[in-house]
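Below, each chain spelled out in residue letters.
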Amino acid sequence: MSNSYDWINKAIATIEKANWYRTPQIVDPSMLMFASNNYLGLAQDQRLIDAAIAATQKYGTGATGSRLVSGHLEIHDQLEQSIAKLKGTESALVFSSGYLANLGTISALVGARDLILSDAYNHSCLKQGAILSGAKVIEYSHNSHEDLSQKLKANRNKHRRCLITTDTVFSMDGDICPLKAIVDLAEQYDCMVLVDEAHGTGVFGDRGGGVVSSLNINYPIVQVGTLSKALGSLGGFVAGSTKLITFLKNRASTWIYTTGLSPADTAAALKALEILQTEPQLRQNLWHNVKLLKNILLEADIAILPSSSQILAIKIGDIKKTLAISKYLKTQNIFAPAIRPPTVPSPRIRLTLMSTHTPDQIQTLVTNLKTAIHQLD
Ligand SMILES: *Cc1c(COP(=O)(O)O)cnc(C)c1O
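Bear in mind that the values here come from a model prediction, so they are computed numbers and not experimental data. (Residues numbered from 1 in each chain as written. Predicted model: local features only at pLDDT ≥ 70, side-chain atom pairs only at ≥ 80, totals over all residues. Heavy atoms only, no water.)

## Quick notes on empty space enclosed by the protein
The full count for this structure, using the stated rule, is 1 cavity of 30 Å³ or more. As a volume, the largest cavity reaches approximately 40 Å³. In this structure, the largest cavity is lined by Arg67, Val94, Phe95, Ser96, Trp255, Thr258, Thr259, Gly260 and Leu261. A class-by-class count of the residues in the lining of the largest cavity yields 4 nonpolar, 4 polar and 1 charged. (1 Å grid on protein atoms, 1.4 Å probe; cavity = no way out; pocket = protein on both sides within 12 Å on 5 of 7 lines; lining within 4 Å. Points joined across faces, edges and corners; volume = space filled by probe spheres on them. Nonpolar A, V, L, I, M, F, W, Y, C, P; charged D, E, K, R; others polar.)

If you want it as structure tokens, here you go:
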């Protein structure tokens, strides 16, 4: 009998001891949801469902091949054009997920002779993409223009190319990167900039183009995003110049060596992009709800981490108490998860808003939060 795998049990025990043990919870659709990335409610929109069904009937359930070999469909082209239009870029490329879009793009853009400067709070896929690239990776303090500037000054000239990577909307705190200052530094130090707009796409900007399109920036930025959050589908993308996209089609291994996006996912995303343009009220409702929740939390004297987005984090401090609050909310049929180390540095209840929440639902959340926090004091 081999005991080569015994270490796994010990590793799990260590995870449990640190209160880091996690397991997926089945989501009951009757629960009041404050944790979904479905910011505009599009994942349940009948028009997306119908588009997915129609595409499945026309093309089948799978793309059945990689895009370069036999899996390239007309709707992939249409989706990529539609993304480029939304982002105001020449071209776009669709990947199977946002995670894979970042892995493939970062590892194609830089290599062993190059430098990556990465925000310390960047999403896992930006960090893993940096490791995969083989470039020298230096983290700068979260959202710190000063630290980035210092690290560029000390390191930039020792490397060939340099790529600065950052989330635009940080997924765990809900704060936003200082993009204009980052771009100024990129210009000064001759760097490429890659932003992850997973939580910005569909939500920020007049037309839902994201944080980049909400600012007036005249510098080429590699814009990565996902179809799986506000757009209610599944998949990821990169938007940028035609040259960049042509290069990625030849060098991004997570795009080249994997099957094309399924017809259903592709058609649903395409429909979502259309609705984004015709129904700005979805975004307006979302922002209205954000303001309402912030006001009610303030009145209830419940502190949140600084946020300028639809993601609000309630700082509790203690892991056990954070877990107990989330558990209590669940007994009240409210889904608001405890997020804790190692995902984030400090435990919190993380809330996300949707355009489909009603004022009553938002009030119910805060009433129950207040009860939970006081009961457990
Ligand atoms: C969710 C998320 C991703 C991954 O996107 P998927 O399409 O779900 O793989 C990437 N970056 C950030 C910041 C995210 O929040």
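Now, onward.
## Things to note about the environment of Ile217
Note on placement: Ile217 falls in the loop between helix H8 (211–214) and strand E7 (222–226). In sequence terms Ile217 and His145 are 72 residues apart; their C-alpha atoms lie 17 Å from each other. Ignoring any residue separated from it by four or fewer positions in sequence, one finds Ile217 in contact with Leu179, Lys180 and Val183. (Helix = DSSP H or I, 4+ residues; strand = E, 2+ residues; numbered from the N terminus. Contact = heavy atoms within 4.5 Å.)

## Quick notes on the site of the ligand
The ligand sits among 14 residues. The nearest are Gly98, Asp196, His199, Thr226 and Lys229. A distance of 2.6 Å separates an oxygen atom of the ligand from a polar atom in the side chain of His199. In the complex, 85% of the free accessible area of the ligand, which totals 380 Å², lies under the protein chains. (Near = heavy atom within 4 Å. Polar contact = N/O pair within 3.5 Å; in protein donor to acceptor, adjacent residues only side chain to side chain. Areas by Shrake-Rupley, 256 points an atom, 1.4 Å probe, with all protein chains shown as cover.)

## Some details on the sheet that holds strand E9 (residues 311–315)
Neighbouring strands of a sheet are bound in pairs by backbone hydrogen bonds; such pairs are parallel or else antiparallel. The antiparallel open sheet is built from 3 strands, whose spatial order is E9-E12-E11. Bordering the open sheet on either side are E9 and strand E11 (338–339), each of which pairs with just one other strand. Bridge count between E9 and strand E12 (residues 348–352): 5 bridges; the pairing is antiparallel. Note that in E12 the partner of Leu312 across the bridge is Leu351. Across the sheet, helix H13 (residues 319–331) touches E11 and E12, and the angle it forms with E12 is around 40°. (Pairing = 2+ DSSP bridges. Axes fitted to C-alpha atoms, helices over the stretch in contact; angles between N-to-C directions.)

## Let's talk about the sheet that holds strand E3 (residues 115–119)
Strand order in the open sheet formed by 7 strands is E2-E8-E7-E6-E5-E3-E4, with mixed pairing between adjacent strands. Either end of the sheet is taken by a strand with one partner, and the two such strands are strand E2 (91–95) and strand E4 (136–140). Each neighbouring strand pair of the sheet contributes to a mean axis angle of 20°, computed without reference to strand direction. One ladder, built from 3 bridges, connects strand E6 (residues 192–196) with E7; its direction is parallel. When the sheet's bridge partners are listed, Asp196 is paired in E7 with Val224. Against the sheet, helix H9 (residues 242–251) touches E2, E7 and strand E8 (236–240), its axis set at about 135° to E8.

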